[in-house]
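Structural description and commentary
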Number of protein chains: 2
Amino acid sequence: MANVLLLHPGKMGSSVANALIQAGHEVFWVSQGRSNQTRERAEELGLCDVTDLSSALGKSEFVISVCPPEYAGSLAEEVIERGYEGTYVDANAVSPATSLAMGDLVGENYVDGGIIGPPAWNVGSTRIYLSGPRAANIAALFEGTLLDSFVIEGEIGAASALKMCYAAYTKGSSALLLGVRALAERMGVTDSLISEWAISQRGLEERSRNTAYSTSQKAWRFAGEMREIAATYSAAGLPAGFHEAAAELFERMKGFKDRDPATIDELTAELLRGKKSLD
Amino acid sequence: MANVLLLHPGKMGSSVANALIQAGHEVFWVSQGRSNQTRERAEELGLCDVTDLSSALGKSEFVISVCPPEYAGSLAEEVIERGYEGTYVDANAVSPATSLAMGDLVGENYVDGGIIGPPAWNVGSTRIYLSGPRAANIAALFEGTLLDSFVIEGEIGAASALKMCYAAYTKGSSALLLGVRALAERMGVTDSLISEWAISQRGLEERSRNTAYSTSQKAWRFAGEMREIAATYSAAGLPAGFHEAAAELFERMKGFKDRDPATIDELTAELLRGKKSLD
């Protein structure tokens, strides 16, 4: 059994922590500067509170980072600045290049990871992919838990590349669909589009409504991920525009963060708000 | 029964001409400068060959333009330069702004159109949408034919707007999916992506293969359409990047025009050809 520090137990991170506890590991977290909501969630799950990062690192053989992608690099820096020499897993939605840079910083104990699926509260719903020389050690930590773990072949960056490719289509096509609804609304052809979809694209209208409902509250943290994906495309010599546009659309949806799930009409209005009209 | 000039009977235009003939109209076409393949197709369908544009216009109460979007404007100009005063229908995949500009050129006899679906050789497969004061006259020409016609409410530009919104998702999501396959290939994670899709995105791998097969030969004429869609987004105050990226990807596929349908592997190789590697 191992001692693991989980930075930071948000919606996804909590489920990762829960999986580790389920497997019998001791899971630490750093409560300093976190919200009351996070604190309650951590207590309920049985995470062990260590008030500051330095003492938490002193107790942990493994650190797993689960955070919005724009904070992944600085989180790794904070840990390394404190002289940490254990295994560091970045499980965030970052580009292979971002992951490689963290790998350079951390050294041979770095593991590249990517999580696919919703927070892991159900059997078979969620997978953590891991790459790099220490990947198998991390995969073993999750054996028999709700979070399925897979080592993927390839150097540091392979797990991140898989996450980028996966989210490129799922979140990219969601953004595309919501943008189409906004365009139709601006052009005054929403009813005609819905009628045409009913003939030739069955299910798409319902999917656009469901996407608005399920995406609106999470959009605030998708913008950074879309930028990492755009950077991945550019580095691969492929056009980055899909995900630059997706980032912009998700950014326009940030106001839904702490509100009820949005209807498609509320969402298209927000996407079009304050933008120049067609005239 | 009416005399209609169809410019130009390619794959889609031939089926539009066929629908008109089916309804008992006389359909002219201009053979000057067209390929032997087009000539054979036109003869077979029973189109009436008028060798030059001016004499064709002299005989026709209606002109219907069916061509790649980048030629739509110059085709309208050619017709108007010859003093044509009948009804002119642009049925192409152009932005509302492009259509409005043609409307200004043509005058009150301009009809804005957009065709949705494959060439109209089967019942219920294909629809022509029409907008503007003369729209109902054109819809009537197609009554009882294989091409279903609909007048959509709104000014000139509404039918084009519908076509843009429709193709924005269908062709946009195809380009997105093909781009994802190319990215995975460049990153060396194709097998992992396909395994993950088999778990959580059932059907997507097959869809990507089918999309390669069905899109490769047509991609050469999608790039212009994607640019019209991008312009429509910009004018609406929405990000245009999705369709700028789609235009670039379809452009990279131009070499498949006169070849056999491409496999996904051939297609991703072409998308990545000559582009800078990740290293």
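This text goes with the structure placed above it.
The following paragraphs examine the structure supplied in this document.

Quick notes on the rules
- Residues numbered from 1 in each chain as written.
- Chains lettered and ligands numbered in written order.
- Predicted model: local features only at pLDDT ≥ 70, side-chain atom pairs only at ≥ 80, totals over all residues.
- Heavy atoms only, no water.
- Buried < 20%, exposed > 50% of the residue type's maximum accessible area, 1.4 Å probe, protein only.
- Helix = DSSP H or I, 4+ residues; strand = E, 2+ residues; numbered from the N terminus.
- Pairing = 2+ DSSP bridges.
- Axes fitted to C-alpha atoms, helices over the stretch in contact; angles between N-to-C directions.
- Parallel < 35°, antiparallel > 145°, perpendicular 65-115°, else oblique.
- Contact = heavy atoms within 4.5 Å.
- Buried area = accessible area lost by both parts, 1.4 Å probe.
- Salt bridge = Lys/Arg side-chain N within 4 Å of Asp/Glu carboxyl O.
- Polar contact = N/O pair within 3.5 Å; in protein donor to acceptor, adjacent residues only side chain to side chain.
- Nonpolar A, V, L, I, M, F, W, Y, C, P; charged D, E, K, R; others polar.
- Phe/Tyr/Trp six-rings, centres within 6.5 Å; stacked < 30°, edge-to-face > 60°.
- Least-squares fit on C-alpha atoms with pLDDT ≥ 70 in both.

1. A few points about the pairing of strand 7 (residues 126–131) of chain B
Two faces belong to every sheet, and in a regular strand the side chains alternate between them. Residues and elements named next belong to chain B. Counting buried positions over the 6 residues of strand 7 gives 6, a clear majority of the element. By the alternation rule, side chains of strand 7 split into Thr126, Ile128 and Leu130 and Arg127, Tyr129 and Ser131, which are all buried. Here strand 6 (residues 110–116) pairs with strand 7 via 5 bridges, running antiparallel. Looking at the pairing, glycine 113 lines up with leucine 130 of strand 7.

2. A short note on the packing of helix 7 (residues 158–187) of chain A against helix 12 (residues 264–272) of chain A
Residues and elements named next belong to chain A. Between helix 7 and helix 12, the shortest axis-to-axis distance is 9 Å and the interhelical angle comes to 80°. The angle between helix 7 and helix 12 falls in the class roughly perpendicular. On helix 12, the residues that touch Leu178, Arg181, Ala182, Glu185 and Arg186 of helix 7 are Ile264, Asp265, Leu267, Thr268, Leu271 and Leu272.

3. Points about the interface of chain B and chain A
Size of an interface, as often reported, equals the accessible area lost when the parts are brought together. With 57 residues of chain B at the interface, the matching set in chain A holds 57 residues. Here chain B and chain A share an interface that buries about 4,700 Å² over both sides, 75% of which is from carbon and sulfur atoms. When the buried area of chain B at its contact with chain A is split by residue, B:Tyr169, B:Leu176 and B:Phe242 rank highest and sum to 17% of it. The tally of links from chain B across to chain A stands at 2 salt bridges. We note a salt bridge from B:Glu196 to A:Arg127, for which the minimum N-O separation is 2.5 Å. Taken together, the links from chain B to chain A amount to 13 residue pairs in polar contact (both at pLDDT 80 or more). Mapped by element, the contributors of at least two residues to the side of chain B that touches chain A are strand 7, helix 7 (158–187), helix 8 (190–200), helix 9 (204–215), helix 10 (222–235), helix 11 (241–252) and helix 12 (264–272) of chain B. A total of 20 residues in the side of chain B that touches chain A trace back to one element, the largest contributor, which is helix 7 of chain B. Looking at the side of chain B that touches chain A residue by residue, the class counts come to 36 nonpolar, 13 polar and 8 charged.

4. Focus on the pattern of salt bridges
Residues and elements named next belong to chain B. The full count for this structure, using the stated rule, is 20 salt bridges over all chains. Across the pair glutamate 225 and lysine 163 runs a salt bridge whose closest N-O atoms are separated by 3.9 Å. Highlighted residues: glutamate 225 in helix 10 and lysine 163 in helix 7, separated in sequence by 62 residues. Across the pair, lysine 163 and glutamate 225 agree in class, each one buried.

5. A short note on the packing of helix 7 of chain B against helix 8 of chain B
A pair of packed helices is captured by two measures, namely the crossing angle of their axes and the spacing between those axes. Residue and element names in this part refer to chain B. For the pair helix 7 and helix 8, the least separation of the axes is 8 Å and the interaxial angle reads 130°. What the angle tells us is that helix 7 and helix 8 run oblique. On the side of helix 7, the interface is formed by Leu177, Val180, Arg181, Ala184 and Glu185, while helix 8 contributes Thr190, Leu193, Ile194 and Trp197. In terms of residue class, the contact of helix 7 with helix 8 is built from 6 nonpolar, 1 polar and 2 charged.

6. Some words on the packing of aromatic side chains
All chains considered together, the criterion is met by 7 aromatic pairs over all chains. Ring centres 5.4 Å apart and planes at 20° place the aromatic pair A:Tyr129 and A:Phe150 in the stacked group. Linking A:Tyr129 in strand 7 (residues 126–131) with A:Phe150 in strand 8 (residues 147–151), this pair joins segments that are 21 residues apart in sequence. Ring centres of B:Tyr88 and B:Tyr110 lie 6.4 Å apart, and the angle between their planes is 15°; this geometry places the pair in the stacked category. With a gap of 22 residues between them, B:Tyr88 in strand 5 (residues 87–90) and B:Tyr110 in strand 6 connect regions that are remote in the sequence. On the basis of relative accessibility, which here comes to 0%, the residue B:Tyr88 falls in the buried class.

7. A few points about the relation of the copies chain B and chain A
Of the two same-sequence chains, chain B is brought onto chain A (RMSD 0.0 Å, axial shift 0.0 Å) by a rotation of 180°. On this basis, the relationship between the two copies can be described by a two-fold rotation axis. Both copies present the same face, since 100% of the interface residues in chain B are matched by interface residues at the equivalent positions in chain A.

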